[in-house]
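# Examination of the molecular architecture
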Amino acid sequence: MNKKITIAGAGNVGASIAQMILSKGIGDVVLLDIAEGIPQGKALDLRQSIPLYGHDCKITGTNSYKETADSDIVIITAGLARKPGMSRDDLLKANAEIVKSVTREVVRQSTKSIIIIVTNPLDLMTYIASEISGFPKNKVLGMGGVLDSARFISFIAEELNVSIGKINTMVIGNHGDMMVPLPRYTTVSGTPVTELLPGEKIERLVERTRKAGTEIVGLLKTGSAFYAPAAATVAMADAILNNKKKTLPCSAYLDGEYGVKGIYAGVPVVLGTGGVEKIIELELTEEEKNSFHKSIEAVREGMKLLKGLA
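Residues numbered from 1 in each chain as written. Predicted model: local features only at pLDDT ≥ 70, side-chain atom pairs only at ≥ 80, totals over all residues. Heavy atoms only, no water.

## Points about the sheet that holds strand 10 (residues 187-188)
For the record, the criterion: One requirement defines pairing of two strands: DSSP has to find at least two bridges between them. Secondary structure is summarised from DSSP: a helix means a run of H or I of at least four residues, a strand means a run of E of at least two, and numbering begins at the N terminus for each.
Pairing in this open sheet of 3 strands is antiparallel, and the strands run 7-10-11 from one edge to the other. What marks the edges here is a single partner per strand, and that holds for strand 7 (167-168) and strand 11 (191-192).

As structure tokens, then:
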């Protein structure tokens, strides 16, 4: 029997996630949205693409949470997208209400699922989903770090004109302008990037990574990124459903790790059927620690605004 993946939100991100899951044959998809006809129409279109992928997966489009029952993974993308001039924090209260509502409904139908949050501001929305669901902390996680690391890799590959497959990197902290790309943990064919690029170029790539989402919003004018966020989410779902024990940077609940307690933030984790099966604590320099804790403070400030919402 195929695994069952519910995607709450049939916009650009949700539909892209559905398409990638079906193309890889990861499992059956339920595409859920409040807009009548939208999930059904997109599901019908996607269903007709499945024969070309060669996988026996199914997709259902629905406006009913009942169709999501007994999902193995629930991916929440529902929420407002950023517009030019908007920060992730501008979305905070509106999207908190949406994530609260969706989380309540999906957990009633799927009590043993793992929840992946994609909605921004990501770390705060993951915290909201964790509080509302009451699930074990390792079964609620956010997408951010996988996307941020992929963006950093793409910029390095472009700068050095090398294969992306030769690059390993890590981005930690919040999914926002205070994220912490780690050049010291970044290698190209095993060679530290610090030996391949001068410091000012590395800093430029770090800053572009931090602003990558904003750059796309500015270009699109009427929307935000969706292909790369979808690919990052699918990488996480694949690691969980296929028990790959893969190390990826995700927004995970910190309970003392990195000297942080009671907050969701991006750190390297091992993903398997249990969700977050292990948090990996990297050795950080004093400068990296300071940057990480500044990033954490940005999350704490957002949590103060959330008080009373969760």
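Next comes the rest of the description.
## Things to note about the nonpolar core
The line we're drawing: We define the nonpolar core as a collection of buried residues of types Ala, Val, Leu, Ile, Met, Phe, Trp, Tyr and Cys that are connected through side-chain atoms lying within 4.5 Å of one another. Here's how the labels work: a residue is buried when its accessible area is under 20% of the maximum for its type, exposed when over 50%, partly exposed in between, all with a 1.4 Å probe on protein chains only.
Ile21, Ile73, Leu141, Met236, Leu271 and Phe292 are the most contacted members of the largest nonpolar core, which totals 82 residues. In terms of residue count, helix 9 (residues 227-241) provides more of this core than any other element does, 8 residues in total. In terms of nonpolar packing, the next biggest core, distinct from the first, is built from 15 residues, Phe155, Val171, Val188 and Ile202 among them.

## Quick look at the pattern of salt bridges
The criterion, for reference: The term salt bridge refers to a side-chain nitrogen of Lys or Arg lying within 4 Å of a carboxyl oxygen of Asp or Glu.
In this structure the tally under the stated criterion is 17 salt bridges. Residue Arg208 pairs with Glu158 through a salt bridge whose shortest N-O separation is 3.7 Å. Highlighted residues: Arg208 in helix 7 (residues 199-210) and Glu158 in helix 6 (residues 144-160), separated in sequence by 50 residues. Owing to a relative accessible area of 57%, Glu158 belongs among the exposed residues under this scheme. Where Arg204 meets Glu159, a salt bridge forms, and the shortest distance between an N and an O atom there is 3.0 Å.

## Focus on helix 10 (residues 286-306)
Helical geometry: 3.6 residues make up each α-helical turn, so side chains three or four residues apart lie on a common side. To be explicit about the condition: In this scheme, a helix's expected span is set at 1.5 Å multiplied by one less than its residue total. Arc definition: it is the arc formed by the directions from the helix axis to the C-beta atoms.
Taking 1.5 Å as the rise per residue, helix 10 with 21 residues should run 30 Å; its terminal C-alpha atoms sit 30 Å apart, in good agreement. Of the positions making up helix 10, those classed as buried are Glu288, Phe292, Ser295, Ile296, Val299, Gly302, Met303 and Leu306. Each buried residue of helix 10 lies within a common arc of 110° when the element is viewed along its axis, so the set occupies one face. Opposite its buried face, helix 10 presents the exposed residues Glu286, Glu287, Lys294 and Lys304, each directed more than 90 degrees away.

## Comments concerning the side chain of Ser110
Put simply, the rule reads: Polar contact is the term for a pair of N or O atoms within 3.5 Å; when the atoms are in protein, one must be able to donate a hydrogen and the other to accept it, and sequence-neighboring residues count only if both atoms are side-chain atoms. By the convention used here, residues are in contact when the closest approach between their heavy atoms is within 4.5 Å.
Relative to the elements of secondary structure, Ser110 occurs in the loop between helix 4 (92-109) and strand 5 (114-117). Separated by 3.2 Å, the side chain of Ser110 and the backbone nitrogen of Asp70 make a polar contact. Leaving out residues up to four positions away in the same chain, Ser110 has contacts with Thr68, Ala69, Asp70, Ser71 and Phe135.

## A look at the side chain of Glu288
For Glu288, the position within the fold is in helix 10. The exposure class of Glu288 is buried, given its relative accessible area of 10%. Contacts of Glu288, omitting those with residues within four sequence positions, involve Leu182, Arg184 and Glu283.

## Structural notes on the pairing of strand 13 (residues 261-272)
Within a regular strand, the side chains alternate between the two sheet faces. Burial analysis of strand 13 places 11 of its 12 residues in the buried class, which makes it a mostly covered element. Taking the residues that link successive antiparallel strands as the turn, the strand 12 (residues 246-255)-strand 13 hairpin has 5 residues, and the phi of Gly256 there is positive, at about 115°. Where strand 13 and strand 14 (residues 275-279) come together, 4 bridges link them in antiparallel fashion. Within the sheet, the bridge partner assigned to Val269 lies in strand 14 and is Ile279. Linking two consecutive strands that pair antiparallel, namely strand 13 and strand 14, is a turn of 2 residues.

## Side note on the packing of helix 4 against helix 10
What counts, and what does not: A fitted line through C-alpha atoms serves as each axis, taken over the contacting stretch for helices, and the angle formed by two N-to-C directions is quoted from 0 to 180°. Oblique is the label for any angle not covered by the other classes, which are roughly parallel (under 35 degrees), roughly antiparallel (over 145) and roughly perpendicular (65 to 115). Crossings are classed by handedness, with left-handed meaning an anticlockwise turn of the near helix from the far one by less than a right angle and right-handed meaning a clockwise turn. Amino acid classes used here: Ala, Val, Leu, Ile, Met, Phe, Trp, Tyr, Cys and Pro are nonpolar; Asp, Glu, Lys and Arg are charged; the rest, including Gly, are polar.
Where helix 4 meets helix 10, the axes come as close as 10 Å, and the angle between the chain directions of the two elements is 70°. By the angle class used here, helix 4 and helix 10 are roughly perpendicular. When the axes of helix 4 and helix 10 are compared, the crossing they make is right-handed. In this structure, helix 4 contributes Leu92, Lys93 and Ala96 to the contact, and helix 10 contributes Gly302, Leu305 and Leu306. Residue composition of the contact of helix 4 with helix 10, grouped by class: 4 nonpolar, 1 polar and 1 charged.

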